[in-house]
Structure formats: C-alpha cells, structure tokens
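As a plain string of letters, each chain reads:
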Amino acid sequence: MGDYLNKFSLKGKLAWVTGASYGIGYAIALCYAKAGAKVAFNCRHKEGLDKALAEYAKDGASDVRGYICDVTDEKQVKDTLSCIEKDFGQSVDILVNNAGIIKRIPMTEMSAEDFRQVIDIDLTAAFIVSKAVLPAMMEKKRGKIINICSMMSELGRETVSAYASAKGGLKMLTRNICSEYGKYNIQCNGLGPGYIATPQTAPLRERQKDGSRHPFDSFIVAKTPAERWGTTEDLQGPALFLASEASDFVNGQVLYVDGGILAYIGRQP
Ligand code: NAP
Ligand code: GCO
C-alpha cells in the first residue's frame, strides 16, 4: 500500500500556485505543502500576502514563500519566476493557474474594458504564466500544469459572459498545452470546481434582509446532488492527484469537483 500512497507525495517538488492568498488557491497551496512540496504563491496586495503567510505558518506549512505579482503583467511574471527559482534553488515542477476574478454584469450593460479585464486575468494570464514555466519543464522532461476551470467551462448563465468565455477558453488552452507538450512528459489538466464557498461567491450566499437564504444559494443547493456548497477542502484531494505522479498518464482532462451538479437536471419542484 505504501508504494501506491507514495505516488501522491510531492516531496522535493516546487509548486507555484497563483492567486493563493486566500480561497481555493490557499487551500491547494496548503495541501501541496502538507504533501511535501515547497510552495510559492502570489497575489496583488501586500496586506493579503502578509496575512496569508501568517495563516500558512499557523496551519503548519513551513516552506511557503509569497510574492507580489499581477499575473497579467508578463514582466512581473518573468521577474517573479526568477525570484522563485533563486529563492528555492530549483525550477517550478507544478504550476496551478488559479488567480481569477469574476464580474457579474448583464452582457448588454458590460463594457468592453470589463470584459477584457476578466479575460486578461482568467485566461490570458494562464497563457503568460504557463509560457514562463514550460521551458524548464521541457528541459527536465517533466512538469504539471493545472488550470482552475469552472462549471462555466461547460455552462453559461445570466451575467457571466466574460467569465464563461474565459473559463471555456481555459479548458481549450488546457487541451492545447497537453497536445503541444505532452511529448515532454508534461501533463496539463483542468480542475473544475462547482460552487465553492469563498469570497468570490460570497455575494451569492449572503443572507437577505429578512434573514432568509439568498435565492441563488437555495437554487444551487437544489441543483447539487450533494445538497450543499463545496468547500475549498473538497478540492484538495483532486488537486493533489493532478499534481502528483499518480496522474502521469492523465492529460488534457478537466476534473470536475462539483458535488454532481453537472450530471443533474435539478430537484423536481
Ligand atoms: P477569490 O476568493 O476571489 O481569490 C482570488 C485570488 O486570486 C486572491 O488570492 C486574489 O488576490 C488573487 N488574484 C486575483 N487577481 C489576480 C491577479 N491579477 N494577479 C494575481 N493574483 C490575483 O477566488 P476563488 O473563489 O478562490 O477562486 C479561485 C479560482 O477558482 C478562480 O480562478 C475562480 O474563477 C475559480 N473558481 C472558483 C469557484 C468558486 O465557486 N469559488 C468555482 C469554480 C472556479 P489579490 O486580489 O490580492 O490579487
Ligand atoms: C457564478 C459563480 C460561478 C462560480 C464557479 C462555478 O457567479 O456563477 O461565481 O461562476 O464561481 O465558476 O463553477
């Protein structure tokens, strides 16, 4: 049994999780640290970075370093990667393109600038950061790239045109990295969270003035066979699988961690 469990170890590996000062990225980075990896994470705001570093330490993750870097800025990404490789003394083995935002605006009311900002962070940045780490992965003939996709890689809904376009594109970027670099023993897969309780979805869960549940909250619970929102911890096992040797022959896939929502027509009224 020991040999099989060792396939999930990240001992000696260096992981870079983008946008991991809180939320899903934080949970994934913490899991990787606990699985033996050295971990680098980045975000845009120093206050969030400092708070996260204290949290990682409190949660027992010792070998974690944080960097201020906006993933949409190619120079910042290249400079940050150089710092990471210098600080840890090795190249990145595992990249998680997690940083992301959402803007919930009806398409006819959304500016092109807003649309472009979401595409820039949720899609173009994954291209920029992946392009930065790929050469070293190609050199050592191994690497893992995990793109945090979404149910909106498969489905649309009102007000999320930019986000769904980005996440749909991210699914295809995942398949293309697989196609172009699989021969270097590099696996690129997507992780597709369902509806997860994080700051990003807090507006969809906040209590109404009369104390009742947000209509969207009730809607999602009714649409999910698990009858609950996901937690960031629900994503840790699948993220570890995709980062480890246990998934060396899995490539170009999106692993949905959604409590069954994509398989279910929804509770009958
Ligand atoms: P979140 O709570 O809003 O956290 C976003 C993280 O990304 C923060 O650390 C944020 O820190 C960082 N970030 C945002 N823009 C950045 C940029 N330009 N450069 C660097 N860092 C940036 O989001 P989340 O819910 O954890 O979601 C994380 C990922 O999962 C996103 O890609 C999201 O689309 C995806 N996802 C979320 C859900 C869900 O239900 N929550 C479901 C499916 C997929 P700073 O603001 O300090 O930069
Ligand atoms: C929304 C939510 C979703 C989730 C997630 C679902 O407004 O519909 O924010 O987009 O964040 O992407 O998988």
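Note: the structure precedes this text.
Presented here is an overview of the structure given in this document. (Residues numbered from 1 in each chain as written. Chains lettered and ligands numbered in written order. Predicted model: local features only at pLDDT ≥ 70, side-chain atom pairs only at ≥ 80, totals over all residues. Heavy atoms only, no water.)

A short note on the site of ligand 1
Surrounding ligand 1, one finds 30 residues, the nearest of these being Ser-21, Arg-44, Asn-98, Tyr-163 and Thr-198. Between ligand 1 and Val-71 there is a distance of 3.1 Å, counted from a nitrogen atom to a backbone nitrogen or oxygen. Taking Asn-98, its main chain carries an N or O atom lying 2.7 Å from an oxygen atom of ligand 1. Coverage of ligand 1 by the protein chains reaches 96% of its 890 Å² of free accessible surface. Most atoms of ligand 1, that is more than half of them, are within 2 Å of grid points of the largest pocket. When residues of the shell around ligand 1 are traced back to their parent elements, those giving at least two are α2 (23-34), β2 (38-43) and α6 (161-181). Within the shell around ligand 1, the residues separate by chemical class into 16 nonpolar, 11 polar and three charged. (Near = heavy atom within 4 Å. Polar contact = N/O pair within 3.5 Å; in protein donor to acceptor, adjacent residues only side chain to side chain. Areas by Shrake-Rupley, 256 points an atom, 1.4 Å probe, with all protein chains shown as cover. 1 Å grid on protein atoms, 1.4 Å probe; cavity = no way out; pocket = protein on both sides within 12 Å on 5 of 7 lines; lining within 4 Å. Sits in = over half its atoms within 2 Å of the grid points. Helix = DSSP H or I, 4+ residues; strand = E, 2+ residues; numbered from the N terminus. Nonpolar A, V, L, I, M, F, W, Y, C, P; charged D, E, K, R; others polar.)

Side note on helix α5 (residues 112-140)
In a regular helix each residue adds 1.5 Å, so 29 residues correspond to 42 Å; α5 covers 41 Å between its end C-alpha atoms and thus fits that length. Positive backbone phi, approximately 55°, marks Lys-141, located one or two places after α5. (Expected span 1.5 Å × (residues − 1).)

Description of the packing of α2 against helix α8 (residues 236-243)
Axis separation between α2 and α8 bottoms out at 9 Å; the angle between their running directions is 60°. Classified by the interaxial angle, the pair formed by α2 and α8 is oblique. With respect to the hand of their crossing, α2 and α8 are arranged in right-handed fashion. Residues Ala-27, Ile-28, Cys-31 and Tyr-32 of α2 touch α8, and the partners they reach there are Gln-236, Ala-239, Leu-240 and Ala-243. Classifying every residue of the contact of α2 with α8 by side-chain character gives seven nonpolar, one polar and no charged. (Axes fitted to C-alpha atoms, helices over the stretch in contact; angles between N-to-C directions. Parallel < 35°, antiparallel > 145°, perpendicular 65-115°, else oblique. Left-handed = near helix turned anticlockwise from the far one by under 90°. Contact = heavy atoms within 4.5 Å.)

Topic: the site of ligand 2
The environment of ligand 2 is made up of 14 residues, and the closest members are Arg-104, Ser-150, Arg-157, Tyr-163 and Tyr-195. A distance of 2.9 Å is found between an oxygen atom of ligand 2 and a backbone nitrogen or oxygen belonging to Pro-193. In this structure, an oxygen atom belonging to ligand 2 sits 2.8 Å away from a side-chain N or O atom of Gln-200. In this structure, ligand 2 is accommodated by the largest pocket. Its residues placed into classes, the shell around ligand 2 shows eight nonpolar, four polar and two charged.

Examining the layout of surface pockets
Roughly 860 Å³ of internal volume is contained in the largest pocket. Along the wall of the largest pocket there are 40 residues; nearest its centre are Asn-98, Ala-99, Gly-100, Ile-101 and Gln-200. Breaking the lining of the largest pocket down by element, the ones donating at least two residues are α2, β2, α5 and α6. The element best represented in the lining of the largest pocket is α2, accounting for three residues. (Points joined across faces, edges and corners; volume = space filled by probe spheres on them.)

As for the pattern of salt bridges
Applying the stated criterion across every chain yields a total of 13 salt bridges. The shortest N-O distance in the salt bridge between Asp-79 and Lys-75 comes to 2.4 Å. Here Asp-79 and its partner Lys-75 are both found in helix α4 (residues 74-88), four residues apart, which amounts to about one turn of the helix. Each of Asp-93, Lys-140 and Arg-142 takes part in a single network of salt bridges with overlapping partners. (Salt bridge = Lys/Arg side-chain N within 4 Å of Asp/Glu carboxyl O.)

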